[in-house]
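Structure assessment
Letter by letter, the chains look like this.
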Amino acid sequence: MQDDQSTKEKVTEVIEQDIWGLIKEIWNAGFSYSIGGEDIEITVGLVVLIILAFLVTSVVLRIVRSFITSKLMEEDKMKFISVFKFIKYFVYVVVILITLSSTGVDVTILLTASAALFVGLGLALQELFQDVIGGIFIILDKSLLVGDVIEMEGRVARVFEIKLRTTRALTRDDKVMIIPNHKFISDTVYNYTQNHKTTREVVRVGVAYGSDVEKVKEVLLECAKEQKGILKKPEPFVLFEDFGDSALLFGLHFYVSDSFVDPKVKSELRFKINNMFRLNNITIPFPQRDVHMFYPKNNDDASGLTDTDDA
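Scope of this entry: the structure provided in the associated data block. (Residues numbered from 1 in each chain as written. Predicted model: local features only at pLDDT ≥ 70, side-chain atom pairs only at ≥ 80, totals over all residues. Heavy atoms only, no water.)

Across the interface, helix H8 (residues 213-226) lies against helix H9 (residues 262-279) with an axial gap of 10 Å and an inter-helix angle of 140°. Regarding the angle of H8 to H9, the classification is oblique. Every pair of crossing elements has a handedness; the one defined by H8 and H9 is right-handed. Where H8 approaches H9, its residues Val216, Val219, Leu220, Glu222, Cys223, Ala224 and Glu226 are matched on the opposing element by Leu269, Lys272, Ile273, Met276 and Phe277. Here the residues of the contact of H8 with H9 are counted per class, giving nine nonpolar, no polar and three charged. (Axes fitted to C-alpha atoms, helices over the stretch in contact; angles between N-to-C directions. Helix = DSSP H or I, 4+ residues; strand = E, 2+ residues; numbered from the N terminus. Parallel < 35°, antiparallel > 145°, perpendicular 65-115°, else oblique. Left-handed = near helix turned anticlockwise from the far one by under 90°. Contact = heavy atoms within 4.5 Å. Nonpolar A, V, L, I, M, F, W, Y, C, P; charged D, E, K, R; others polar.)

Here it is, written out as structure tokens:
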């Protein structure tokens, strides 16, 4: 019995002194440096705790996002994910600061000592901060949402991702346009779908003088009625826009539910208009000019020129 007891004590001593002691030694290994007269220790244990806190926070945020988005419609889901990205970065910073504070690190000293560094980074990364602030404002004032169709610098694109620094949109020719977020604050951006998805489009055409304008109106409305992609309500309408130099100018106005693909609808509509005009003997004129030539009565000066003289 005494031998068994002695063996147990030796095993316990080995575990406590050797194995557990080695673990504690590794856990407390690290380095320290002084900030403002205070020593800050960076140990293996502190790094492990930060990593664990980061991983646990990531898992919790993922569960929260999945739980909330599972109850939302697809459109609202994309909006929430855009907002959640900014919340996620903020939560990460807060968790890391709390972890440091709970391990005995004075966070205020770190923030105070880093003030000069932050000022220098702010000057060096001014445009980056503008992009980040722009991204925050985009979410807060809801001036841009995932799925919106926008026009910027003559390009029309559909937004599919809003990040902290940039916004990504897909153009009509399937090219990704990466837009710095500060552009949405400093530049003018047309948002086709800010209020609703329905937008009004127009196809303009000129007909020859002398054409039956009522017939032109009837043909244009018939073409719009037969064209797929054009909404029945609100109804299309025709405006007699102007008397041009060579033609009577008309505008066929109609509504579509997806302005991103409206060039295709307009192209098909123009094919229909051209065919219907041919069937109804309506002419689309080309620009015409009347040229009047005047000849001077006295051509003596011109006839006196030689081959070497300039006329």
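What follows continues from the structure just given.
Time to look at the pairing of strand E4 (residues 155-162). Successive side chains on a regular strand alternate, one facing one side of the sheet and the next facing the other. Two strands pair when backbone bridges link them, and strand E3 (residues 149-152) and E4 are joined in this way by four bridges, in the antiparallel orientation. Note that in E4 the partner of Val149 across the bridge is Arg158. Here E3 folds back onto E4 in antiparallel fashion, the turn holding two residues, of which Glu153 has a positive phi close to 55°. Where E4 and strand E5 (residues 166-171) come together, five bridges link them in antiparallel fashion. In the strand pairing of E5, Val159 is matched with Ala169. Between E4 and E5, which pair antiparallel and follow one another directly, the connecting turn spans three residues. (Pairing = 2+ DSSP bridges.)

Now for the sheet that holds strand E8 (residues 199-207). Pairing between sheet strands relies on hydrogen bonds along the backbone, with the strands arranged either parallel or antiparallel. A sheet is described by the order of its strands in space; here three strands give the open sequence E8-E10-E9, paired in antiparallel fashion. Each edge of the open sheet is held by one strand with a lone partner, namely E8 and strand E9 (237-243). Averaged over neighbouring strand pairs, the angle between their axes works out to 25° when direction is ignored. Here H8 sits on the sheet and contacts E8, E9 and strand E10 (248-256); the angle it forms with E10, its principal contact strand, is near 25°.

Attention now moves to the pairing of strand E6 (residues 176-180). Burial of the side chains of E6 is restricted to one face: Met177 and Ile179 are buried, whereas none of Val176, Ile178 and Pro180 on the reverse face is. Pairing of E5 with E6, which is carried by five bridges, proceeds in the antiparallel orientation. The residue bridging Thr167 from the neighbouring strand is Ile179, located in E6. Hairpin connection from E5 to E6: four residues lie between these consecutive antiparallel strands, with Asp174 at a positive phi of about 60°. (Buried < 20%, exposed > 50% of the residue type's maximum accessible area, 1.4 Å probe, protein only.)

Before going further, it helps to examine the nonpolar core. Counting residues in each nonpolar core, the largest one holds 21 residues, and the members touching the most others are Leu220, Phe250, Leu252, Phe254, Leu269, Ile273 and Phe277. Looking at this core, the elements that each hand over two or more residues are E8, H8, E10 and H9. In contact with Phe254, not counting residues within four places along its chain, are Thr199, Arg200, Glu201, Val202, Val203, Ile230, Pro236, Val265, Lys266 and Leu269. (Core = buried A, V, L, I, M, F, W, Y, C linked by side-chain atoms within 4.5 Å.)

Each aromatic ring pair is described using two quantities: the centre-to-centre distance and the angle formed by the ring planes. By the definition in use, this model includes three aromatic pairs. Taking 4.5 Å as the distance between ring centres and 25° as the angle between the ring planes, the aromatic pair formed by Phe54 and Tyr92 counts as stacked. Residue Phe54 is found in helix H2 (residues 44-69), and its partner Tyr92 is found in helix H3 (residues 74-102); the two are separated by 38 residues along the sequence. A residue is classified by how much of its surface remains accessible, and Phe54, at 37% relative accessible area, is partly exposed. Both rings, one in Phe240 and one in Phe250, keep their centres 4.6 Å apart while their planes meet at 25°; by these two values the pair is stacked. Taken together, the residues Phe240 in strand E9 and Phe250 in strand E10 connect sequence positions ten residues apart. Aromatic rings pair up to connect Phe240, Phe243 and Phe250 into one cluster. (Phe/Tyr/Trp six-rings, centres within 6.5 Å; stacked < 30°, edge-to-face > 60°.)

As a further point, take the pattern of salt bridges. With the rule as written, the count across this model stands at nine salt bridges. Across the salt bridge formed by Arg172 and Asp262, the nearest N and O atoms sit 2.5 Å from each other. Of this pair, Arg172 sits in the loop between E5 and E6 while Asp262 sits in helix H9, placing them 90 residues apart in sequence. Exposure remark for Asp262: the relative accessible area of 4% places this residue in the buried category. Note that Asp187 is salt-bridged to Lys183, the shortest N-O span being 3.7 Å. Overlapping salt bridges, with partners in common, bring together Arg172, Glu201, Asp262 and Lys266 in one network. (Salt bridge = Lys/Arg side-chain N within 4 Å of Asp/Glu carboxyl O.)

A separate point is a nonpolar patch on the surface. Where nonpolar side chains cluster on the molecular surface, the patch consists of Leu128, Phe129, Ile133, Ile136, Phe137, Leu140 and Ile185 and spans about 650 Å² of accessible area. Element by element, the count of residues in the nonpolar patch is highest for helix H6 (residues 126-141), at six residues. As for its position among the elements, Ile136 is in helix H6. (Patch = residues over 30% accessible without salt bridge, like charges linked within 9 Å, V, L, I, M, F, W, Y side chains within 5 Å. Areas by Shrake-Rupley, 256 points an atom, 1.4 Å probe, with all protein chains shown as cover.)

Tracing the sequence through the fold places Lys232 in the loop between H8 and E9. Looking at Lys232, its side chain comes within polar contact range of the main-chain oxygen of Lys225, at 2.6 Å. (Polar contact = N/O pair within 3.5 Å; in protein donor to acceptor, adjacent residues only side chain to side chain.)

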